[in-house]
Amino acid sequence: MSVTGVSGEERNDFTRAENKRLRARSVKLAGQLVRPVRWQITGSGLLIVLGTLGSVAGPALIALGIDQALPALTSAGDWMPVILIASAYVGIGLLGGLFRSWYFRMAARISQRVVYHLRLRLFRQTQDLSLSFHEKYTSGRVIARQTSDLDTLREFLDSGIEDLVSGVLFMVFTATALIILDPQSMLPVLISFVPIFFFAWWFSNRSRKAFRSARVYSARLIVQFVETMTGIRAVKAFRRERHNEKTYGVEVDNYRMANQTVIALFGIFDPGLKLVANLVMAIVLLLGALRVLDGTMEVGILLAAVLYVRRIFDPVAELAFFYNGMQSAGSALEKISGVLEEEPTVPEPTRPVPLAAAAGALDFTHVSFHYVADRPVLPDLDLHIPAGQTVALVGTTGAGKSTLAKLLARFYDPSSGTVSLDGINLRDVSNDDLRRAVVMVTQEAYLFSGSVSENLRIGRPDATQTEVEAAARAVGAHDFILSLPEGYETDVNKRGGRLSSGQRQLLSFARAFLADPAVLILDEATASLDIPSERLVQRGLKTLLADRTAIIIAHRLSTVAIADRVLVMEHGQIIEDGTPADLIAGTGTFATLHRAWRDSLA
Amino acid sequence: MTTTSGAEAVPSADDSVSRPRTLGTLLRLHPYVKGSYTRLTLGIVDAIIGALVALAIPVVLSWIVDGPLTTNDSEQIFPAVGLIAALGVLEALLIALRRWLVLKPGTHVDGAMRKAIHNHLQQLPLAFHDKWQSGQLLSRAMSDISTVRRWISFGFVMLTVNVITIVAGFAMLFYWNPLMGAVFTVCSLPMLYFGVRFDLRYMRLSRAAQDQSGDVATNVEESVHGIRVLKAFGRSTFALDGFAARAKRLRNTETRKGVAVGNFTLSVTTLEAVAYALSLIAGISLVSTGAITVGVLFAFFTTAAVLRWPLDSLGFLLQLTIDARTALDRFFEVIDEPVRVEESAHPIDLPAASGSLVFEDVSFTFADAPEGPKPLLRNLSLEVRPGETMAVVGLTGSGKTTLTGLTTRLYDVTTGRILVDGVDIRDARLADLRSRVAMAFEDATLFSMSVRENVLLGRPDLVFPEGEAEQAAADHLVTQAIDIAQADFVYTLPDGLETKIGEEGLSLSGGQRQRLALARAIVTEPAVLVLDDPLSALDVTTEQQVEAALRRVLATTTALIVAHRPSTVMLADRVAVLHEGRIAEVGTHAELLARSALYRHIISSESDEPHVIPDVTAENESVIAAGAEALGEVDSIDGIRGVQP
Ligand SMILES: Nc1ncnc2c1ncn2[C@@H]1O[C@H](COP(=O)(O)OP(=O)(O)OP(=O)(O)O)[C@@H](O)[C@H]1O
Ligand SMILES: Nc1ncnc2c1ncn2[C@@H]1O[C@H](COP(=O)(O)OP(=O)(O)OP(=O)(O)O)[C@@H](O)[C@H]1O
Ligand SMILES: [Mg+2]
Ligand SMILES: [Mg+2]
């Protein structure tokens, strides 16, 4: 089993080596995140130091007031020292406050900057990853990585630096003071770090698993939530609510248990540290008291030493919090770094062959393709489509038509053989060039929430409003768009839910018109249209396709009328290939199909 | 891509930002916290005792110093140190106890809220789901609830303890010396003002940040679900730009939150410093006049020192509280949304199934449809007799899908009524209705489950059947449904019927998905079948096979079938033509072909066969002009073509 990328993400029984590898990966990512802001972090640490110094100075000033200013006032009636000390107090307090408030701003800036850049990086990465990744990883998990995992990281960043810097500094300052005051009392403190170390080690080992499960369960929650809400129609119509309630309930309980485990562990860790601290204090007191009785130690020193010991351990709670947060963030980083580590299986070429203006000649040379190993969808495909040809691709469902189309659009790379455009292997064409040359209208007409014109502009972001409307007119969508409440600016709602399925298809059609590619692939792009609209679209197509290569996949054989050539596909193979007239006139599958289709017409 | 943010699409927070409601909102947690009050109260008591114990340690210390150590009484050293150690152990135990006490409430409330919002969302009508951005729902169900959990198990307890400490502390200050106490208090009072101001400012920011993170989630979700489109057009960079803009907005808001907290901290520390300084002046002058002793002065400042941490942490705790409050607001915005498709209060049992489906004078308008006199469906009446198969045809956007959705109350009619077996569907139990009427949708949604579970979606009782007879019955049903839908490809999948499909499993081709969706509707053996364009993704051969098999089912089942193709229409006994919100014609296919120009226009290819269309390319005009002209031409050919408003 491997832990590369996202594989093994749901496991929680890693071997030592795997754990090490995962940790190294998270640490590396953490390093990359921190590097650009290392100076800011140092700066903000400094601000806390200054802020803390301000608050440490307070008691000293009050002591000064009592020791110096009081006698001055009582004996000489001199108000000056009192006023001076009071002003100093205000001044120092104000300065400390300034530093602290400055720190808050800076901390927010740092943590937001880190999160923002990581967010964009993750987004870019998920966009770059190939469809095969998305198909097995599920949208819910991708969303989880980009939302709840990032939230976890942000939580840590928001308070982490303060906890760490102020905690450590405070300890160091106090320890120094104690050593100067009475080195012997420092000994028990030093010894106490041994059990504390083991305790922390125990906590980190135990909590890592729980934190990991928390991330896994939270991702599962999101997966199910997204699936239910996306398929809400079917959920309602088939009364899945009860069932979903149960399965979601189980995941919620799992998530809750993972969280409880973490909190319970922390509930032992935190008071445990306190216990060590208090016992050490008692020991220092005992040893000190014996020395006082011996006469080898002053009472005052003992008092101070005991107070210092207590203060050394004060920030321990903060450090524990920091550690806890770090573990939690670490588990999120572990998952995020997994996604970032994934390599796109359909990579951009490092040295692309330039493709300025594609003519649109397409070639499949000994292409075989499978989604699942040993189950070839296309066993061995050879096909040449000259530039400018309009090809109709027909065949039984599941024959592999969409697969062929997706290979052309380079959603996948063939398992063996090559697909090429104008003689250039698609693997050598840069994404930008490829997308300019080849556009595919997929079987699902997916619309984004946002206005109609925004959706159309996916085809060409810089299109003018006139061009957008012209494209809509060309497919006969202009009229219904105008009848929407705000015309082209109407929000189509999520997934285009405000529109009928035919209307959605028209829009995704218009989108492709706008893109104006050399090769256009239409996968069942008119399946949901009524006959008059389809007829209209076909007229538009006839003009549109005149000077470009087109692959039209359709079950309605009316499409065939505008094609120069028909391919019949069965079980991943092309069994018939010819002009529509020839095939219809012949005795093959297509002739039968066509006859059946004619008969089915009214 | 997405411009309308959730904050605009849903009731905005701004009008609800009024301070007194913070407490009110938090109190609404009551139903979720109900079982946990004892533990929470004990947790608070525990925290207070813990604070007292912590305070007692210095007292014992000073007693040791003043007592045994000064009198050199070695006898008493060990018990005294023992006492200190015991107090230390006690303090640790109390902390552990407190953590244990609040452990359950926090996570339980969290769990209860998560389940509540998920279950409520499932109940909410489609009209709600149409309107709300997916990310807004997701962020409410995930991060907002986590915010509340953190507040309950940490913020709430600390805030209570600190407020108690502050009140007690101020009382003690007055006890030591009323004048100094008054000075200190008066100086601290402006904190209230700053607190309120911070509250208002921060609440806006906090709410905005949560809304914006919901928007970011929406973007994430759409960029993932729409990845094929983005890839097909090579628009990842374009999508990234839109995403970056939103992420930046969120980043700015979050940063401004930091600034607000910083400013508040500044005002608190400044006020504190002034209070200390003035008290110091007052104290020293009081001592100099002999009004109080130095000991009292000491005591006063020691007490004041105890107040320091509670006061300093106020900003942070207030921040947590406000975050929790706005998160709760967002949570309740969903929970408060009424389930509009409601179960009738006095549901009627549906009579034995005969399978009649009647639309009586039905009108329907979508909530967000444009203002106007023309509802989408108006005064529509249609009767589907028991056992009859009725096809519905109509132009794109004429409301066919909407009409089918009304039958299972995915939407409720605006006026008029729909009767199933003579009962107004609003009077029947939803579960009864939805098991009597089964649907297949235009877009086949498959869930991440095995093929078998997907087919048995409407019959979960058969997924894990009890006895052998049940097993056989279930198997028979599934096999039969798969047979009728011609979905026997499933047997060739790697694990046959047990193959996991959907997002977490194997992807299927468009036609394969559609056939499973059809099998899913058939398997429930409903009295009424509602099929929305069920064969659109099938090739001609497969379609013919499905039709032949479907006929057997349709012979005994009432059915409403939306159809675009003549071949599908042939399945039906009668055809209804939906046009401009009404059923324009009803009759058999042959009748309608003969008598209705509208019907011929909608269904028939003959009037205008594709390959006899005059070749517009000849005119050598731009695509656009051709498209426009084509449109104009059809309009003039027969003036019937109209698109529904
Ligand atoms: N992402 C995928 N992962 C695994 N198998 C797949 C995937 N997509 C398709 N298949 C399988 O590959 C085969 C060919 O599918 P394809 O989508 O190319 O068919 P099609 O000819 O387009 O059919 P239809 O007309 O139904 O759309 C089918 O058996 C299908 O189950
Ligand atoms: N949720 C919604 N909110 C507002 N308007 C909607 C909503 N859903 C659909 N509409 C509008 O109602 C009209 C009818 O839509 P419907 O989906 O019922 O059409 P249809 O007849 O099924 O079309 P098609 O043949 O394309 O599937 C369309 O004009 C559409 O824009
Ligand atoms: Mg396909
Ligand atoms: Mg429809």
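These figures come from a predicted structure and were not determined experimentally.

Participant: Can you help me understand the overall build of chain A in this one?
Facilitator: When helices and strands are counted, chain A shows 20 helices and 10 strands. Against the compact-globule benchmark of 25 Å for 602 residues, chain A has a radius of gyration of 35 Å, which places it well outside the compact range. With respect to the principal axes defined by its C-alpha atoms, chain A has extents near 120 × 55 × 55 Å. Expressed as a percentage of the 602 residues in chain A, the buried residues total 60%.

Participant: In this structure, what is going on with the overall build of chain B? I would like to understand it.
Facilitator: The number of helices and strands found in chain B is 23 helices and 10 strands. A total of 645 residues make up chain B; the buried ones form 59% of that total. Taking the contacts inside chain B whose residues are at least 6 apart along the sequence as the reference set, 77% of them involve residues at least 24 apart. Split by element, the accessible area of chain B, about 24500 Å² in all, is 60% carbon and sulfur.

Participant: Sorry, what's going on with the pattern of salt bridges here?
Facilitator: Note that side chains of opposite charge can pair when their charged atoms are close. Enumeration over the complete set of coordinates arrives at 51 salt bridges over all chains. Across the pair Arg154(A) and Asp151(A) runs a salt bridge, and its minimum N-O distance is 4.0 Å. With Arg154(A) and Asp151(A) both in helix 6 (residues 148-181) and 3 residues apart, this pair spans about one turn of that helix. In this structure Arg154(A) comes out as buried when scored by relative accessible area, which is 18%. Notably, a salt bridge pairs Arg595(B) with Glu585(B), separated by 3.2 Å at the nearest N-O pair. Taken together, the positions of Arg595(B) in helix 21 (residues 589-595) and Glu585(B) in strand 10 (residues 582-587) put the pair 10 residues apart, joining distant regions of the chain. Of the residues examined, Arg595(B) reaches a relative accessible area of 46% and is grouped as partly exposed.

Participant: Which parts of the structure should I look at to understand the site of ligand 1?
Facilitator: In the neighbourhood of ligand 1, 20 residues make up the surrounding shell, with Ser402(A), Thr403(A), Ser509(B), Gly511(B) and Gln512(B) lying closest. Positioned at a junction of chains, ligand 1 has nearby residues supplied by chains A and B. Note that an oxygen atom of ligand 1 is positioned 2.7 Å from one of the side-chain N or O atoms of Ser509(B). Expressed as a share of its isolated accessible area of 630 Å², the protein-covered part of ligand 1 is 91%. Elements represented by at least two residues in the shell around ligand 1 include exactly helix 12 (401-408) of chain A together with helix 18 (510-523) of chain B. Its residues placed into classes, the shell around ligand 1 shows 6 nonpolar, 12 polar and 2 charged.

Participant: Just checking my understanding: could you explain the sheet that holds strand 1 (residues 357-364) of chain B for this structure?
Facilitator: Where strands meet in a sheet, backbone hydrogen bonds hold them as pairs that are either parallel or antiparallel. Residue and element names in this part refer to chain B. If you trace the 4 strands from one edge of the open sheet to the other, you get 2-1-4-5, paired in antiparallel fashion. Two strands lie at the open edges of the sheet, namely strand 2 (377-384) and strand 5 (423-424), each paired on one side alone. Of the pairings in the sheet, the one linking strand 1 to strand 2 comprises 5 bridges and is antiparallel in character. Its bridge partner lying in strand 2, Leu-357 is registered against Val-384. Against the sheet, helix 14 (residues 400-407) engages strand 1, strand 2 and strand 4 (415-420), with an angle of about 120° to strand 1.

Participant: Honestly, the coordination of the magnesium ion (ligand 4) in this entry has me stumped. Any pointers?
Facilitator: Six octahedral donors around a metal ideally sit at 90 or 180 degrees from one another, while four tetrahedral donors ideally sit at 109.5 degrees. Residues and elements named next belong to chain B. Taken together, Thr-401 (OG1) and Glu-442 (OE) make up the full set of protein donors to the magnesium ion (ligand 4), lying 1.9 to 2.0 Å away. You can see Thr-401 sitting in helix 14 and its partner Glu-442 sitting in the loop between strand 6 (437-440) and helix 16 (451-455), a full 41 residues away along the chain. Taking the relative accessible area as the measure of exposure, Glu-442 reaches 22% and is therefore partly exposed.

Participant: Which parts of the structure should I look at to understand the sheet that holds strand 2 (residues 375-385) of chain A?
Facilitator: Residues and elements named next belong to chain A. The strand order 2-1-4-5 describes an open sheet built from 4 strands, whose pairing is antiparallel. In the strand order of this sheet, the two ends are held by strand 2 and strand 5 (424-425), each with one partner. Of the pairings in the sheet, the one linking strand 1 (residues 362-372) to strand 4 (residues 416-421) comprises 5 bridges and is antiparallel in character. Residue pairing in the sheet places Asp-363 in a bridge with Ser-420 of strand 4. The sheet contacts of helix 12 involve strand 1, strand 2 and strand 4, and relative to strand 1 the element is tilted by about 115°.

Participant: I'm lost on the interface of chain A and chain B in this one. Help?
Facilitator: When the parts of a complex come together, some accessible area is lost, and that lost area is often used as the size of the interface. With 180 residues of chain A at the interface, the matching set in chain B holds 194 residues. Note on chain A versus chain B: buried area summed over both sides is about 16900 Å², and carbon and sulfur give 67% of it. Summed over the shared surface of chain A and chain B, the number is 9 salt bridges. Here chain A is connected to chain B by 38 residue pairs in polar contact (both at pLDDT 80 or more). Ranked by residue count, the leading element in the side of chain A that touches chain B is helix 9 (residues 241-294) of chain A, at 29 residues. Grouping the amino acids of the side of chain A that touches chain B by side-chain chemistry returns 85 nonpolar, 51 polar and 44 charged.

Participant: Is there a simple way to think about the site of ligand 2 in this case?
Facilitator: For ligand 2, the set of nearby residues contains 22 residues, the closest of which are Ser500(A), Gly502(A), Thr401(B), Thr402(B) and Glu442(B). Contact with the protein chains covers 94% of the free accessible surface of ligand 2, which is 640 Å². Listing elements by their share of the shell around ligand 2, those giving two or more residues are helix 17 (501-515) of chain A together with helix 14 of chain B. Here the residues of the shell around ligand 2 are counted per class, giving 5 nonpolar, 12 polar and 5 charged.

Participant: What is the right way to look at the nonpolar core in this model?
Facilitator: A general feature of soluble globular proteins is that nonpolar side chains tend to end up buried together. The biggest cluster of nonpolar side chains holds 172 residues, and the ones touching the most others in it are Leu541(A) and Leu29(B). With sequence-adjacent residues up to four places away left out, Leu541(A) is seen in contact with Phe509(A), Phe513(A), Leu522(A), Ile552(A) and Ile562(A). Judged by nonpolar contacts, the second largest core, of 43 residues, contains Leu61(A), Met203(B), Ile284(B) and Leu286(B).

Participant: Whenever I open this one, unusual backbone geometry confuses me. Can you help?
Facilitator: In most cases, non-glycine residues show a negative phi, while peptide bonds are predominantly trans. Residue and element names in this part refer to chain A. Phi angles above zero are rare outside glycine, and Thr-138 is one such case at about 70°. Mapped onto the fold, Thr-138 is located in the loop between helix 4 (131-137) and helix 5 (139-146). Thr-138 gets classed as buried once you look at its relative accessible area, which sits at 1%. Of note in the backbone geometry, Glu-524 takes a positive phi value of approximately 55° without being a glycine. As for its position among the elements, Glu-524 is in the loop between strand 7 (519-523) and helix 18 (531-544). The exposure class of Glu-524 is buried, given its relative accessible area of 5%.

Participant: Explanation requested: the packing of helix 9 of chain A against helix 5 (residues 74-123) of chain B in the structure shown.
Facilitator: In a packed pair of helices, the relevant descriptors are the angle between the two axes and the axis-to-axis distance. Helix 5 of chain B packs onto helix 9 of chain A with a crossing angle of 165° between their chain directions and a minimal axis gap of 8 Å. When the axis of helix 9 of chain A is compared with that of helix 5 of chain B, the two are roughly antiparallel. Remark: the crossing between helix 9 of chain A and helix 5 of chain B carries right-handed chirality. A breakdown of the residues in the contact of helix 9 of chain A with helix 5 of chain B according to their chemical character gives 26 nonpolar, 15 polar and 12 charged.

Participant: Quick question: what am I supposed to make of the environment of Glu251(A) here?
Facilitator: Of note, Glu251(A) is situated in helix 9. Ignoring anything within four residues of it in the chain, the contact list for Glu251(A) reads Tyr217(A), Arg220(A), Leu221(A) and Gln224(A).

Participant: Whenever I open this one, the environment of Asp312(B) confuses me. Can you help?
Facilitator: Residues and elements named next belong to chain B. Here Asp-312 shows up in helix 12 (residues 294-312). Asp-312 gets classed as partly exposed once you look at its relative accessible area, which sits at 32%. Counting along the chain gives 47 residues from Asp-312 to Thr-265, while the straight-line C-alpha distance between them is 7.3 Å. Discounting residues that sit within four places of it in the chain, Asp-312 has contacts with Val-268, Thr-269 and Glu-272.

Participant: I would appreciate a short explanation of a nonpolar patch on the surface in the present structure.
Facilitator: Residue and element names in this part refer to chain A. Residues Leu-50, Leu-53, Leu-164, Val-168, Val-172 and Phe-173 make up a contiguous nonpolar surface patch of roughly 450 Å² in combined accessible area. Those elements that provide at least two residues to the nonpolar patch are helix 2 (38-76) and helix 6. Here the element with the most residues in the nonpolar patch is helix 6; it accounts for 4 residues. Position of Val-168 among the secondary structure elements: in helix 6.

Participant: Just checking my understanding: could you explain the side chain of Thr107(B) for this structure?
Facilitator: If you trace the backbone, Thr107(B) turns up in helix 5. The class for Thr107(B) is buried, based on a relative accessible area of 2%. The residues contacting Thr107(B), other than those within four sequence positions of it, are Arg256(A), Asn259(A), Gln260(A), Ile263(A) and Arg149(B).

Cut-offs used in this document
Here the residue index of a chain counts from 1 through its sequence in written order. A letter from A marks each chain and a number from 1 marks each ligand, given out in the order of writing. With pLDDT at 70 or above as the cut-off, local features in this predicted model cover only qualifying residues; side-chain atom pairs require 80 or more to be listed or tallied, and sums for whole chains, interfaces and linings still use all residues. Side-chain calculation: all heavy atoms of the structure are included, whereas hydrogens and water are not. Secondary structure elements are taken from DSSP: a helix is a run of H or I of four residues or more, a strand is a run of E of two residues or more, and numbering for both begins at the N terminus. Based on C-alpha atoms, the radius of gyration is set beside the globule rule, defined as 2.2 Å times the residue count to the power 0.38. Note on classification: 1.4 Å probe, protein chains only; a residue is buried when its accessible area is under 20% of the maximum for its type, exposed when over 50%, partly exposed between these limits. Residue contacts follow a heavy-atom distance rule, with two residues in contact if any of their heavy atoms lie within 4.5 Å. What sets the accessible areas is the Shrake-Rupley method with a 1.4 Å probe; for residues, cover comes only from the shown protein chains. Any Lys or Arg side-chain nitrogen found within 4 Å of a carboxyl oxygen on Asp or Glu counts as a salt bridge. Here a residue counts as near a molecule or strand whenever at least one of its heavy atoms sits within 4 Å of it. For the purposes of these results, a polar contact is taken to be a pair of N or O atoms within 3.5 Å, where, inside protein, one atom must be able to donate a hydrogen and its partner to accept one; residues adjacent in sequence count only when each atom of the pair is a side-chain atom. We call Asp, Glu, Lys and Arg charged. Ala, Val, Leu, Ile, Met, Phe, Trp, Tyr, Cys and Pro are nonpolar, and the rest, Gly among them, are polar. Pairing between two strands is assigned when DSSP locates at least 2 bridges connecting them. Note on method: axes are straight lines fitted to C-alpha atoms, helices fitted across the in-contact stretch only, with angles between N-to-C directions ranging 0 to 180 degrees. Only nitrogen, oxygen and sulfur atoms count as donors, using a 2.8 Å cut-off from the metal that widens to 3.2 Å for Na, K and Ca. Water is left out, so coordination shells may look unfilled. Two parts placed together each lose some accessible area under a 1.4 Å probe, and adding up what both lose gives the buried area. To qualify as a nonpolar core, a set must consist of buried Ala, Val, Leu, Ile, Met, Phe, Trp, Tyr and Cys residues joined through side-chain atoms within 4.5 Å. These descriptions rest on fixed angle ranges, namely under 35 degrees for roughly parallel, over 145 for roughly antiparallel, 65 to 115 for roughly perpendicular, and the rest for oblique. Rotating anticlockwise by less than a right angle from the far helix to the near helix defines a left-handed crossing, while the corresponding clockwise rotation defines a right-handed one. Every patch collects residues that have over 30% relative accessible area and no salt bridge, joining them within 9 Å if they carry like charges and within 5 Å if they are nonpolar side chains (Val, Leu, Ile, Met, Phe, Trp, Tyr).

This is a description of form; function is not addressed.
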